[in-house]
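Residues per chain are reported as follows:
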Amino acid sequence: MITTREVLDSAQNTVFLLSDKEGLSSIGLTGDELHYLTDKLDGKTRYIEINRYQYRWYFIYLESGESNILKEKARLAASKLFKKLKAEKITSVQVKALKEIDSPDVVLAFAEGLYLSSYQFLKYDSTRDEKSFLLENISLISNEIDDEEITHINNVVSGVFIARNLINEPVSYLTAEKLAEEASLWAKETGFNIEVFHKEKIESLRMGGLLGVNRGSIDPPTFSILEWNPEDAMNDKPVVLVGKGVVYDTGGLSLKPTSNSMDYMKSDMAGAAAVIGTLGVLALSKVPVHVIGLVPATDNRPDGNAYTPGDVLTMFNGKTVEVMNTDAEGRLILADAISYASRYEPEMILSIATLTGSAAMAIGKQGIVAMGNVPEEKFKTLSKTGYNVYERIVQFPFWDEYAEDLKSSIADMKNLGGREGGAITAGKFLEKFAEYPFMHLDIAGVAYLKTGQDYRGAGGTGAGVRLLVEFLKSYTEQK
Ligand code: BES
Ligand code: ZN
Ligand code: ZN
């Protein structure tokens, strides 16, 4: 957990952040230590440790630069430091920025990076007692950072961790029902409302997309409605977030073709995890914005009654879809949720999903693909937020011509476009179900990392939580 303190306790493990040598003379270093540090810094060493036996002092030099880049450098430096702390079993540190770097934002980013790096998923590791390491306290020495900001970062990290936990759970545990249960527990813990529709209700609503995908499964689907509606909400109309909750994607009868392409498909509910995480953070931080989260959930499997290529599904809004590939299942379950969103007359519908390999191929794990028909300023705000939290977005075109690929000769549309622009045709498919301004984020590239990467870790990253929370926050500040 991150806390603040006004005075430095010099006899404790401490991290000093600096971008200059100037402030070094005032912190109580011995002449030798100062000499050693200055030498190292002159030799371009960016990470220096002084071992005072009872405790360590860590000096981290951050090159000054543009604020968002500097913040990201701070998070990355924190993730490096975290490895050392873990190796030395140091569970508590103070962080102090020397004068020339004394921007609360950089210190907060550093703390956030440390905290995010400390995530572990050990539930299925029988040696977890030995491996478990808890960074108990990250204490920021500053009188400029207010408690509310610290609490908010702690909340954001909890939201990211919940999302990561859900993504990392295999389908043998995390069925659609379980996902809804876990979301309900989190709702209770944080204070947002949730209602879960089970199979019967989903049938009575005729959600043909969700039911179609679920037909090959022995586990029933769920449709969860999450809501955070504080009294002081600043928006008249809610923002509806829609998260893809495919708890496992085999591709269905159009079984996933390439080797290893199924290995990590427990992460195909990362969009749902982002929505669930976000709603909890909004509630914990009492962010004054009315937000609804919709999570359609099922696994996608081949079985005796599985939906087939060539099938025609009648969707929640009455439109018909010819299924050309059962592996394009995400758009089918999202479509039902997106048309369901109409009943809230939302200001905007924002879907988030591990929707296409095409998005991942296009920009890899460095960013989130975004598209939609909302006013351009919304993209600008999202993009700005993206750089700020370093979950960067790349806006793709959303021209109507892309929808031409979706024409079917027997139904209102197909669930598949051509090979080209696959992320966009998927987005265009969703747009057909959106009766309100629509934005879509494809997180296929960033949701899950096979090998660990700095503070994002290995496995589920929780991508989307930090982006959505800050986007929704700024969304209210603008008004
Ligand atoms: N869940 C996948 C997309 C995906 C791929 C997510 C790789 C994460 C990493 C999605 O359901 C899918 O299978 N999409 C197909 C669509 C195609 C059949 C039109 C794809 O991208 O290949
Ligand atoms: Zn699929
Ligand atoms: Zn999928």
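Please refer to the structure higher up on the page.
Fair warning: this is a prediction, and the values are worked out from it, not measured in the lab. (Residues numbered from 1 in each chain as written. Chains lettered and ligands numbered in written order. Predicted model: local features only at pLDDT ≥ 70, side-chain atom pairs only at ≥ 80, totals over all residues. Heavy atoms only, no water.)

Undergrad: Pulling in residues and values, what's your account of the coordination of the zinc ion (ligand 2)?
TA: In this structure, Asp249 (OD), Asp327 (O), Asp327 (OD) and Glu329 (OE) serve as the protein donors to the zinc ion (ligand 2), at separations of 2.0 to 2.2 Å. Note that the zinc ion (ligand 2) binds six donor atoms; their angles at the metal cover 71 to 168°, and the shape is irregular. Between the zinc ion (ligand 2) and the zinc ion (ligand 3), both coordinated by Asp249, there is a metal-metal distance of 3.2 Å. Of the two residues, Asp249 is situated in strand E10 (residues 245-249) and Asp327 in the loop between strand E13 (320-322) and helix H10 (330-340); the sequence distance between them amounts to 78 residues. Residues Asp249 and Asp327 agree in their burial class; the two are buried. (Donors = N, O, S within 2.8 Å, 3.2 Å for Na, K, Ca; no water. Tetrahedral: all angles 85-135°; square planar, octahedral: opposite > 155°, others 65-115°. Helix = DSSP H or I, 4+ residues; strand = E, 2+ residues; numbered from the N terminus. Buried < 20%, exposed > 50% of the residue type's maximum accessible area, 1.4 Å probe, protein only.)

Undergrad: Give a detailed account of the coordination of the zinc ion (ligand 3), specifying residues and quantitative values.
TA: The protein atoms donating to the zinc ion (ligand 3) are Lys244 (NZ), Asp249 (OD), Asp268 (OD) and Glu329 (OE), with metal-donor distances spanning 2.0 to 2.4 Å. Spacing between the donor residues of the zinc ion (ligand 3) along the chain follows K-x4-D-x18-D-x60-E.

Undergrad: Please provide a residue-by-residue account of the pattern of salt bridges, values included.
TA: Evaluation of the coordinates by the stated rule reveals 23 salt bridges. The salt bridge involving Glu329 is made with Lys244; its shortest N-O contact spans 3.0 Å. You can see Glu329 sitting in the loop between E13 and H10 and its partner Lys244 sitting in the loop between strand E9 (239-243) and E10, a full 85 residues away along the chain. Several salt bridges share partner residues, and in doing so they unite Glu72, Arg75, Glu112, Glu391, Asp454, Arg456 and Arg466 into one network. (Salt bridge = Lys/Arg side-chain N within 4 Å of Asp/Glu carboxyl O.)

Undergrad: Could you give an account of the side chain of Ser267, naming the residues involved and the relevant values?
TA: Its location among the elements puts Ser267 in the loop between E10 and helix H9 (270-284). Looking at Ser267, the relative accessible area reads 7%, which means it is buried. Residues within four places of Ser267 in sequence aside, it is in contact with Ile167, Thr354 and Tyr448. (Contact = heavy atoms within 4.5 Å.)

Undergrad: Mind laying out the nonpolar core, listing which residues take part and the relevant values?
TA: One finds Phe110, Leu114, Leu140 and Leu179 to be the most contacted residues of the largest nonpolar core, which totals 98 residues. Top element by residues in this core is H9. It accounts for ten residues. Setting aside residues up to four positions removed in sequence, Leu114 forms contacts with Ala78, Leu81, Phe82, Leu85, Val93, Leu135 and Ile138. Membership of the second largest hydrophobic core comes to 45 residues, among which are Val242, Tyr307, Val323 and Leu406. (Core = buried A, V, L, I, M, F, W, Y, C linked by side-chain atoms within 4.5 Å.)

Undergrad: Now, about empty space enclosed by the protein: what can you tell me, with residues and values included?
TA: Throughout the structure, instances matching the rule amount to one cavity of 30 Å³ or more. Along the walls of the largest cavity sit 19 residues, with Tyr390, Glu391, Val446, Arg456 and Ala463 positioned nearest its centre. At the level of elements, helix H5 (147-168) and strand E19 (448-453) are the ones that each hand at least two residues to the lining of the largest cavity. When grouped by side-chain class, the residues that make up the lining of the largest cavity number eight nonpolar, five polar and six charged. (1 Å grid on protein atoms, 1.4 Å probe; cavity = no way out; pocket = protein on both sides within 12 Å on 5 of 7 lines; lining within 4 Å. Points joined across faces, edges and corners; volume = space filled by probe spheres on them. Nonpolar A, V, L, I, M, F, W, Y, C, P; charged D, E, K, R; others polar.)

Undergrad: Outline the packing of aromatic side chains, listing residues and values.
TA: Scanning the model with the defined rule gives 17 aromatic pairs in all. Aromatic rings pair up to connect Phe197, Phe223, Phe316, Tyr340 and Tyr344 into one cluster. The ring centre of Phe433 lies 5.9 Å from the NZ or CZ of Lys319, which sits over that ring. For Lys428, the ring lying beneath its charged end belongs to Phe398, and the centroid distance is 4.1 Å. (Phe/Tyr/Trp six-rings, centres within 6.5 Å; stacked < 30°, edge-to-face > 60°. Lys NZ or Arg CZ within 6 Å of the ring centre and 35° of its normal.)

Undergrad: I'd love a proper account of the layout of surface pockets, names of residues and values included.
TA: Estimated volume of the largest pocket: approximately 1300 Å³. What lines the largest pocket is a set of 40 residues, among which Lys256, Met265, Thr356, Gly357 and Ser358 lie closest to the centre. A per-class count over the lining of the largest pocket returns 13 nonpolar, 17 polar and ten charged. In this structure, the second largest pocket encloses a volume near 850 Å³. Along the walls of the second largest pocket sit 31 residues, with Glu149, His152, Asn388, Glu470 and Lys473 positioned nearest its centre. Of all the elements in the fold, those that place two or more residues in the lining of the second largest pocket are helix H2 (67-87), helix H3 (104-117), H5, helix H12 (376-389) and helix H14 (465-477).

Undergrad: So what about the site of ligand 1? Which residues, and what values?
TA: Not every one of the 15 residues close to ligand 1 is listed here, only the nearest: Lys256, Asp268, Asp327, Glu329 and Gly357. At a separation of 2.8 Å, an oxygen atom of ligand 1 approaches a polar side-chain atom of Lys256. Glu329 is positioned with one of its side-chain polar atoms (N or O) 2.9 Å from an oxygen atom of ligand 1. Coverage of ligand 1 by the protein amounts to 75% of the 510 Å² it exposes when considered alone. One can see that ligand 1 is located within the largest pocket. (Near = heavy atom within 4 Å. Polar contact = N/O pair within 3.5 Å; in protein donor to acceptor, adjacent residues only side chain to side chain. Areas by Shrake-Rupley, 256 points an atom, 1.4 Å probe, with all protein chains shown as cover. Sits in = over half its atoms within 2 Å of the grid points.)

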